[in-house]
Amino acid sequence: MKVRVHLFALYRERLGCGQVEVELPAVASVEALLQSLVETYPSLARLVPNTMVAVNQEYAGRSDALHEGDEVALIPPVSGGRL
Amino acid sequence: MSNARGPALSREVKVVVQTLTLRPEQVKRYSRHIIMPQVGSKGQRKLMEAKVLIVGAGGLGSPSAVYLALAGVGTIGIVDFDRVDLSNLQRQILHHNDDVGQPKVVSAQEAIHQYNPDVQVRTHETRLTSENAIEIVSQYDLVVNGADNFPARYLVNDVCYLLGKPLVDGSILLFDGQATVFLPGKGCYRCLFPTPPPPGAVPSCAEAGVLGALTGLVGSIQATEALKLILGIGQSLASRLLLVDALNMEFRTVRLRRNPKCPLCGDTPTVKELIDYEAFCGLKPVEA
């Protein structure tokens, strides 16, 4: 199945685009999508564990199932200043 | 703290309107508010009796403070330990050229009084810490978060939940902004981001940059939400996260929910008091 992934903040910076389409097995969870993204884009490895995921504009857990045509948003934390 | 386990659920800020009457010049000053049925004279008096704490007199705290002051919010607290730096002036509208080197709370107080001398400004020239946060935050009805680092973000989240204070949260980086409202018991920052990113994984504004005008956009959204909560009008950003992509000028909202497993506001909480947030965020070794 295909899902569309919307990228925010650092994700957009790292991948250089606002969205990507990802092909997944017919049965796949949010976690499987994240793993697939890290395999394709290793620079995301450090970001993914602390990222909030929304599916179809709604907060989603890592084990939630994805469905064909789902719109997924990857939302990294943003601190607003210096550390 | 009324009840560490279950803070009072507040759908709006409870501001008691005393028999305060508006002076003629206040009727004129706030006439564009008072004419709206959603505000009116009673709403304006609510604003004038409200006490709002702004954490950080920086990029987000500046526009929030200015609009809350202009709106006539009676008491504005500012907590910030920093001094004005030339690099702040690209976005922090509370501070001016002559303020470089001044404590930010002093500069902020002067600016607010220039905008509206009616506002009582309480300055807290200190870093907000686990030791002083309860004492400071408990003086206010509502908190606007303009914190610029993750330890402070988690600290502000936790203290607001534990004290039952509504929190208007905002954050920015590069061309991206996020804003939401956390009402105690309806989800919190830890529900969205249970664990902080490891140090260095998310660059800061100093490292990556931020568009100055974006801070005005997000800070103004925070001020709007704070005013709505005080007035008890409209639909707040509670249970929604607003995502601002200024580069493409797209606004999206994502529906949020309280995480029953949240260590702070979940069904079996493990965080029942303030902790060491620097250690939590991996910025110093956890004490044994």
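Residues numbered from 1 in each chain as written. Chains lettered and ligands numbered in written order. Predicted model: local features only at pLDDT ≥ 70, side-chain atom pairs only at ≥ 80, totals over all residues.

Participant: Break down the overall build of chain A for me, with residues and values.
Facilitator: For chain A, the helix and strand inventory stands at two helices and five strands. Going from the N terminus to the C terminus, chain A shows its helices and strands as β-α-β-α-β-β-β. For chain A, the C-alpha radius of gyration of 12 Å lies close to 12 Å, the compact-globule estimate for 83 residues. Dimensions of chain A, computed from C-alpha atoms along their principal axes, come out at roughly 40 × 25 × 20 Å. Within chain A, buried positions represent 40% of all 83 residues. In chain A, 55% of the contacts between residues at least 6 apart in sequence involve partners at least 24 apart. (Helix = DSSP H or I, 4+ residues; strand = E, 2+ residues; numbered from the N terminus. Rg over C-alpha atoms; globule rule 2.2 N^0.38 Å. Buried ≥ 20, exposed ≤ 12 C-beta atoms within 10 Å, placed from the backbone. Contact = placed C-beta atoms within 7 Å.)

Participant: Now, about the overall build of chain B: what can you tell me, with residues and values included?
Facilitator: Within chain B, the regular secondary structure consists of 11 helices and eight strands. Its C-alpha radius of gyration of 18 Å places chain B within 12% of the 19 Å reference for a compact globule of 288 residues. The principal-axis extent of the C-alpha atoms belonging to chain B is close to 60 × 45 × 40 Å. Each of the 288 residues in chain B was classed as buried or not, and the buried ones make up 47%. Within chain B, contacts between residues at least 6 apart in sequence are counted, and of these 70% link residues at least 24 apart.

Participant: I'd like a rundown of the interface of chain A and chain B, residues and numbers included.
Facilitator: Each partner contributes residues to the interface: chain A has 23 residues there, and chain B has 34 residues. Of all the secondary-structure elements, those providing two or more residues to the side of chain A that touches chain B are helix H1 (10-15), strand S3 (52-55), strand S4 (58-60) and strand S5 (71-75) of chain A. Taken together, the residues that form the side of chain A that touches chain B break down as 13 nonpolar, six polar and four charged. (Nonpolar A, V, L, I, M, F, W, Y, C, P; charged D, E, K, R; others polar.)

Participant: Break down the confidence of the model for chain B for me, with residues and values.
Facilitator: All names here are of chain B. Scored by pLDDT, chain B has a mean of 92; 94% of the residues are at 70 or more. Contacts from residues 1-10, a stretch scored under 50 in pLDDT, to residues over four places away or in other chains number 20 contacts. Both scores are available for the predicted complex, with the pTM at 0.92 and the ipTM at 0.90. (pLDDT = per-residue confidence, 0-100.)

Participant: Tell me about helix H5 (residues 104-115) of chain B, and please be specific about residues and values.
Facilitator: All names here are of chain B. Along its 12 residues, H5 runs 16 Å from first to last C-alpha, staying within 8% of the 16 Å computed at 1.5 Å per residue. If you check which residues of H5 are buried, you get Lys-104, Val-105, Ser-107, Ala-108, Gln-109, Ala-111 and Ile-112. Contacts made by the buried residues of H5 are with helix H4 (61-70), strand S2 (75-79) and strand S3 (120-124). (Expected span 1.5 Å × (residues − 1).)

Participant: Please provide a residue-by-residue account of the nonpolar core, values included.
Facilitator: Residue and element names in this part refer to chain B. Membership of the largest hydrophobic core comes to 105 residues, with the highest contact counts inside it found for Val-52, Ala-65, Ile-76, Val-143, Val-156, Ala-226 and Ile-230. By residue number, the principal contributor to this core is helix H7 (residues 150-163), which donates 10 residues. Setting aside its immediate chain neighbours within four residues, Ala-65 contacts Ile-54, Ala-57, Ile-76, Ile-78, Leu-94, Ala-108 and Ile-112. (Core = buried A, V, L, I, M, F, W, Y, C linked by C-beta atoms within 7 Å.)

Participant: A description of the environment of B:Asp267 should follow, citing residues and the corresponding values.
Facilitator: In this fold, B:Asp267 is placed in the loop between strand S8 (250-255) and helix H11 (277-280). For B:Asp267, a count of 9 C-beta atoms within 10 Å puts it in the exposed group.

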